[in-house]
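Close look at the chain arrangement
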Amino acid sequence: MKDEEFIISDTKKIRIVYVDDDKDFLQLTKLFLEELSNGLVTVHSLSNPEQIFSLLDTSNFDIIIADYQMPEMNGLDLLRQLKEKNYDIPFIIFTGRGREEVVIEALNLGADYYIKKGGDPQSQYSELYHVIQRVISHKEMEDNVRKSERKFRELANLLPEIVFELDKNMKISYINNYFFEEYGYSLEEVKQGMNALQVVVPENREVVTKTFNRLIDEKYEPPLEIAIMRKDGTCIPSLAFSSLIMEDDKPIGIRGIIVDISKLKQYETALLESEQRYITLFQENPIGIVTCNLEGNIEDVNKVALKFLGSPSEESTKAINLITFPLLKNAGISGNIVRCIKNKEQFSSELPYTSKWGKLTHYRYKMIPLMDKEEETTGVLLALEDITAYKQIEEELLKQREELSNFSNFMAHDLRNNLTVMEGYLQLHGEKSKIDITDKIQSKIKYLRKLLDRSLYLAERGEIIEKKDKVNLNIIVKDIVKLVIPESVEFAHDNLPTVSCDSEKLSQVFSNILENAVIHGNPSRIEIKTQVYDDKIEILIINDGQMIPKSEIEKIFKIGYSTRKDQKGQGIGLAIVKKIIEAHGWQINFQSVKGETLFKITIPQD
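So, how was this worked out
- Residues numbered from 1 in each chain as written.
- Predicted model: local features only at pLDDT ≥ 70, side-chain atom pairs only at ≥ 80, totals over all residues.
- Heavy atoms only, no water.
- Helix = DSSP H or I, 4+ residues; strand = E, 2+ residues; numbered from the N terminus.
- Buried < 20%, exposed > 50% of the residue type's maximum accessible area, 1.4 Å probe, protein only.
- Areas by Shrake-Rupley, 256 points an atom, 1.4 Å probe, with all protein chains shown as cover.
- Pairing = 2+ DSSP bridges.
- Right-handed = clockwise from strand over helix to strand, strands pointing away.
- Axes fitted to C-alpha atoms, helices over the stretch in contact; angles between N-to-C directions.
- Parallel < 35°, antiparallel > 145°, perpendicular 65-115°, else oblique.
- Left-handed = near helix turned anticlockwise from the far one by under 90°.
- Contact = heavy atoms within 4.5 Å.
- Nonpolar A, V, L, I, M, F, W, Y, C, P; charged D, E, K, R; others polar.
- Expected span 1.5 Å × (residues − 1).
- Polar contact = N/O pair within 3.5 Å; in protein donor to acceptor, adjacent residues only side chain to side chain.
- Salt bridge = Lys/Arg side-chain N within 4 Å of Asp/Glu carboxyl O.

Broken down by element type, the protein chain carries 20 helices and 22 strands. Burial status across the protein chain gives 41% buried among its 606 residues. Per element, the accessible surface of the protein chain, about 34,900 Å² overall, is 50% carbon and sulfur.

We now examine the pairing of strand S2 (residues 41-46). In this sheet, S2 lies alongside strand S1 (residues 14-19) in parallel orientation, the contact comprising six bridges. Among the inter-strand pairings, isoleucine 14 is bridged to a residue of S2, identified as valine 41. Each parallel crossover has a hand, and the one from S1 via helix H1 (residues 23-36) to S2 is right-handed.

Let's shift gears to the packing of helix H3 (residues 75-84) against helix H4 (residues 100-109). Where H3 contacts H4, the two axes come as close as 10 Å, and the packing angle between them is 10°. By the angle between their axes, H3 is roughly parallel relative to H4. Between H3 and H4 lies a crossing whose hand is left-handed. Contact residues: H3 offers Leu76, Leu79, Arg80 and Lys83, while H4 offers Val102, Glu105, Ala106 and Leu109. Its residues placed into classes, the contact of H3 with H4 shows five nonpolar, no polar and three charged.

Taking 1.5 Å of rise per residue, the 12 residues of helix H17 (residues 473-484) would be expected to cover 16 Å, and the 16 Å separating its terminal C-alpha atoms lies within 8% of that figure. If you check the start of H17, you find a side-chain oxygen 2.8 Å away from the backbone N of asparagine 474, and it comes from asparagine 472.

So, about the pattern of salt bridges. The final tally for this structure, using the stated rule, is 20 salt bridges. For aspartate 77, the salt bridge identified is with arginine 80, shortest N-O distance 2.7 Å. Note that aspartate 77 and arginine 80 are positioned in helix H3 at a spacing of three residues, about one turn of the helix. By relative accessible area, aspartate 77 is classed as partly exposed at 31%. Ionic pairing is found between glutamate 350 and lysine 391, a salt bridge with its closest N-O pair at 3.1 Å.

A few words on the side chain of threonine 361. Examined against the element boundaries, threonine 361 turns out to sit in strand S14 (residues 360-371). Owing to a relative accessible area of 1%, threonine 361 belongs among the buried residues under this scheme. A polar side-chain atom of threonine 361 sits 3.3 Å from the main-chain carbonyl oxygen of phenylalanine 308. If near-sequence neighbours (up to four positions away) are discounted, threonine 361 is found in contact with Phe308, Leu351, Pro352, Tyr353, Asp386 and Thr388.

Before going further, it helps to spend a moment on the pairing of strand S19 (residues 525-532). Pairing analysis gives four bridges linking strand S17 (residues 490-493) to S19, with the strands arranged parallel. Opposite histidine 493, over in S19, you have isoleucine 528 as the bridge partner. Across seven bridges, S19 lies against strand S20 (residues 536-543) in antiparallel orientation. Its bridge partner being in S20, isoleucine 528 is matched across the sheet by isoleucine 541.

A word on the sheet that holds strand S7 (residues 172-175). An order of S7-S6-S10-S9-S8 is seen for the five strands of this open sheet, with the pairing classed as antiparallel. Across the chains shown, the open sheet's two edge strands, defined by having one partner strand only, are S7 and strand S8 (224-229). If you compare each strand with its neighbour and ignore which way they point, the axes differ by 35° on average.

Mapping glutamine 531 onto the fold places it in strand S19. When its relative accessible area of 29% is taken as the criterion, glutamine 531 is described as partly exposed. Residues contacting glutamine 531, with those up to four places away along its chain left out, are Lys536, Ile537, Glu538 and Leu540. At a separation of 3.0 Å, a polar atom in the side chain of glutamine 531 contacts the side chain of tyrosine 533.

Let us now look at the packing of H1 against helix H5 (residues 121-158). Look at H1 against H5: their axes get within 10 Å of each other, and the N-to-C directions meet at 65°. On the basis of their axis angle, the class for H1 and H5 is roughly perpendicular. By crossing handedness, the relation of H1 to H5 is classed as right-handed. Note on element contacts: H5 touches H1 through Pro121, Gln122, Gln124, Tyr125, Ser126, Leu128, Tyr129 and Ile132, opposite Phe25, Leu28, Thr29, Phe32, Leu33 and Leu36.

Before going further, it helps to examine the sheet that holds S14. Strand order across the open sheet formed by five strands is S12-S11-S15-S14-S13, with antiparallel pairing between neighbours. Where the open sheet ends on each side, the last strands, each with one partner, are strand S12 (298-301) and strand S13 (347-354). On average, each strand axis in the sheet is inclined to that of its neighbour by 25°, with strand direction left out of account. Direction of pairing for S14 relative to strand S15 (residues 377-386): antiparallel, over a ladder of nine bridges. The residue bridging proline 369 from the neighbouring strand is valine 380, located in S15. Of the strands in this sheet, strand S11 (288-293), S13, S14 and S15 are in contact with helix H14 (residues 333-343), which crosses S14 at around 15°.

Structure (structure tokens):
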């Protein structure tokens, strides 16, 4: 393993005790280590080694560095006493003495490293810092291994199944408490070298040995069904799951878990006895079910599947081969069935499919491989769910959402154009005229921007209008007239009613209708009338401007229609009006006869 793999995190704080009777070395070592580590290392210096025990009792340290030759106690004696007192802290001998016997004794006592003093200080302390990192990294890895091992043992002892480890000779190297509690064997028997075959019934020992050897040869083995013997001789049907234990990329044994399947065996017996109930469940299931063998021949099909397919009979359906039938091949279902059989894969998908009998259905289907006791594939189960109605609803919703999105984008384009024109006129007006109409134009810009933002917000939610309030139409019309109707056009209106509506969107309706009349009709008079009936209210918006040809009337509410040839494909105002009116649950009609152009909005009475 490369040295770099031992280097610890750049943010790991390391606390060191350095023991040396040479105070200059104490100071020099502290300065170098703390500088080399950029402050990640903190060095506590001791000139008297006997003080270290009281220090360790009150503070935590990651590593001890000690000189060998000291008057009160040499480094090896210090290490020996630390081990006797059960201090488990990494230890480095850092000394000018380098006799071979001292090195050997230090390592035998448990020192992690032995480093000689001397030479270039920068190189010497760089090496020392590198060694410190390696020692701490090893310590962390050892601690993690111990923690992981402890957690494994604790978890294994909580499980109500046998958890075991075997060496390469099939001797039990570990087994959890459940084995002793439920099977009657003792810990002493295991410690004496119990072989795993001793607890397996004789008739299963050969297959257990072969399975073990194949696992050691690093070959996949499925779970093995065997019988385990209790100490009293009773046998427990079991399922054994095993995997390799690797060390240095070599197999050294296996570990696994053995599950008591006595109850499962009882359930299997009960299942055989209740086969008729299964058949009933199969036939009456609301999901269509079809099973086939490895050749694609249908073996079972329930009533719901026959209904989905429009099949006249079970015999007619079983005459179809799921792998070779052209319609299924073209739909990709046959290919998935082949892969399901070959690779033991599950597949699920959705698709429209027209059966042999001409029935078009949108299916959600799932296929799973059918397996025998040896985990070999015997066929495929295909589950069908008719989601035709759901897809129709989904498509309708998508269509509506797309329509709203298109509507909002057309409107955004038109409104932004108007805003740009007004801002341009405003700039020109400010440069060439002393008459201040800034407030009026800015008011309209603010209104249009607010309308645009809200319209886009509603379109993203799939809506055209939001909340409805009681709104006096006189107020709406009054505000719109100031912005839209020029003084050259005579305007009048009745006392308009109060209705439940989205006030901002209805303002858009009146604004678009009146503005359309002024720009495209060139009228001399515009008026709004009210007609009240028992079941409805009619708002009539009339102008005496240019007539619309009969051939054009049916197009007037379509997006892109405009009476001006230079704006063909850009008119959207009246399309917006129709959408908003219909979103309120109202109606709008248009006619252009006898010198008048008339919009009629019909509002049902509450």
